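# Examination of the molecular architecture
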Amino acid sequence: MIISAGKEEIFNFATPVGIGLVESAINLSRLCLFDKPDFLIFIGSAGSYGNLRVFDIVESKCASNIEHCFFKKECYTPIENIICIDSRETVINSSNFITTSKLLSKAYLQLGMEAENMEFFSVMKAAEEFNIPVKGIFVITNYCYENAHEQYLHNIKKAKEKLISYLLEKNIIKETE
């Protein structure tokens, strides 16, 4: 089953699960309880911390949930906040807050994280809970710098087109979908 966040990221071949960590966790869990899929492919946008370029396509089976306060040593978490099926994969960080700082982006890069997507950690966690194979396929829409939102809005249409082309090329979707 192919899933996406929704709102700006609606695809006619994907089931939207909601935006952010909470909506996506609730809606995906509900979906898995009532009609458990054999596999999950989460598709959508991601912001680059600096190494990945706008319109790059990234596949991943690694997600983290690191918040900004971590870098100031002003928080801790009792949860396991990294899920990694394949350690060679690009790590996608998730938070309900979008990074808009070059300095913070560099800090994420130093931890080995390349991009952020608001939902991927909760998608990975739900898949883990329901024992469903999962991966994410992301198109980079922006850098996680000062003008991240404006850049996202400017690039999302072309980014979705590039993502669809990639999915067709990889035979993940068919032309008729």
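Preceding block: the structure.
What this report covers is the structure whose coordinates are included nearby. (Residues numbered from 1 in each chain as written. Predicted model: local features only at pLDDT ≥ 70, side-chain atom pairs only at ≥ 80, totals over all residues. Heavy atoms only, no water.)

### Concerning helix 4 (residues 148-169)
Given 3.6 residues per turn, any residue in an α-helix points the same way as the ones three and four places further on. Taking the largest bend as the criterion, helix 4 deviates by roughly 50 degrees, centred on I156. Listed as buried for helix 4 are A148, Y152, N155, I156, A159, L163, Y166 and L167. Its buried side turned inward, helix 4 meets strand 3 (40-48), strand 4 (57-60) and strand 9 (134-143). In the stretch just after helix 4, N171 is the one whose phi turns positive, near 60 degrees. (Bend = angle between axes of the 7 residues up to and from the residue. Helix = DSSP H or I, 4+ residues; strand = E, 2+ residues; numbered from the N terminus. Buried < 20%, exposed > 50% of the residue type's maximum accessible area, 1.4 Å probe, protein only. Contact = heavy atoms within 4.5 Å.)

### Structural notes on the nonpolar core
Most often, soluble globular proteins have nonpolar side chains that are buried together. Counting residues in hydrophobic clusters, the biggest one holds 27 residues, and the most contacted among them are I3, L28, L40, F42 and F120. Broken down by secondary-structure element, the contributors of at least two residues to this core are helix 1 (20-34), strand 3, helix 3 (120-129) and strand 9. The greatest single-element share of this core, amounting to 6 residues, is contributed by helix 3. With residues up to four places along the chain from it excluded, the contact list for L28 reads I3, V17, L40, V123 and A126. (Core = buried A, V, L, I, M, F, W, Y, C linked by side-chain atoms within 4.5 Å.)

Purely geometric stuff here, so don't read any function into it on its own.
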